[in-house]
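# Report on the structure
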Amino acid sequence: MVKVIFGLVRRNDLTHDEFAAYWYERHAPLVREVADLLHIRRYVQSHIVGDRISAALASSRGAVRPFDGVAELWWDSLADMLVSTPESQEASARLIRDEKVFLDLASCALVLAEEKMIIGG
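Rules used in this analysis
Residues numbered from 1 in each chain as written. Predicted model: local features only at pLDDT ≥ 70, side-chain atom pairs only at ≥ 80, totals over all residues. Heavy atoms only, no water. Salt bridge = Lys/Arg side-chain N within 4 Å of Asp/Glu carboxyl O. Buried < 20%, exposed > 50% of the residue type's maximum accessible area, 1.4 Å probe, protein only. Helix = DSSP H or I, 4+ residues; strand = E, 2+ residues; numbered from the N terminus. Core = buried A, V, L, I, M, F, W, Y, C linked by side-chain atoms within 4.5 Å. Contact = heavy atoms within 4.5 Å. Patch = residues over 30% accessible without salt bridge, like charges linked within 9 Å, V, L, I, M, F, W, Y side chains within 5 Å. Areas by Shrake-Rupley, 256 points an atom, 1.4 Å probe, with all protein chains shown as cover.

As a further point, take the pattern of salt bridges. A complete count under the given rule lists 8 salt bridges for this structure. One salt bridge in this structure joins Arg 11 and Asp 13, with 2.4 Å as the shortest N-O distance. Using a relative accessible area of 52% as the deciding quantity, one classes Asp 13 as exposed. When the shortest N-O distance is used, the salt bridge between Asp 76 and Arg 41 registers 2.6 Å. A residue pair is termed long-range when its members are at least 10 positions apart, and Asp 76 in the loop between β3 (69-75) and α3 (78-81) and Arg 41 in the loop between α1 (16-38) and β2 (42-47) qualify at 35 residues. The class of Arg 41 is exposed, set by a relative accessible area of 55%. In the salt-bridge network here, residues are joined through shared partners; they are Lys 3, Glu 72 and Glu 115.

This next bit is on the nonpolar core. Leu 8, Phe 19, Ile 40, Phe 102 and Leu 103 are the most contacted members of the largest nonpolar core, which totals 24 residues. A total of 9 residues in this core trace back to one element, the largest contributor, which is α1. When neighbours within four sequence positions are excluded, Leu 8 is seen to be in contact with Phe 19, Trp 23, Phe 67, Asp 68, Gly 69, Ala 71, Leu 103 and Cys 108.

Right, let's get into the environment of Val 111. Looking at where Val 111 falls in the secondary structure, it is placed in strand β4 (residues 109-113). Distance in space between the C-alpha atoms of Val 111 and Asp 80 is 17 Å, their sequence separation being 31 residues. Apart from the residues lying within four places of it in its own chain, the contact partners of Val 111 are Lys 3, Val 4 and Ile 5.

A cluster of nonpolar side chains, namely Leu 78, Leu 82 and Leu 112, defines an oily patch on the protein surface of about 280 Å² accessible area. Here Leu 112 is to be found in strand β4.

To continue, consider the environment of Gly 50. Residue position: Gly 50 is located in the loop between β2 and α2 (51-59). Distance in space between the C-alpha atoms of Gly 50 and Pro 86 is 41 Å, their sequence separation being 36 residues.

Structure (structure tokens):
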């Protein structure tokens, strides 16, 4: 399996609560709606806990600004992730249009990764 880890930074005109509500209540259903077209196997949102604690943790490592959340999306293979049909292209475009509603995309981070389990199972 491969996954994308998406470090999310909210738009400056949104409070954290507004961002979190939109992401969970509006964007998540959209991801669910297009998941089959995009071959998305799994989607998880990680919402930060304790805004001040997260900021302190980030600054303890020299990070400028903590993410407002992290999204993880899994595919069975890189080929599944890269599927390209007119329908999948429109689905991707819908997601990006919606992301612009609540994210500062220029400040977000995307990583394509393959997990290596160290602890757990």
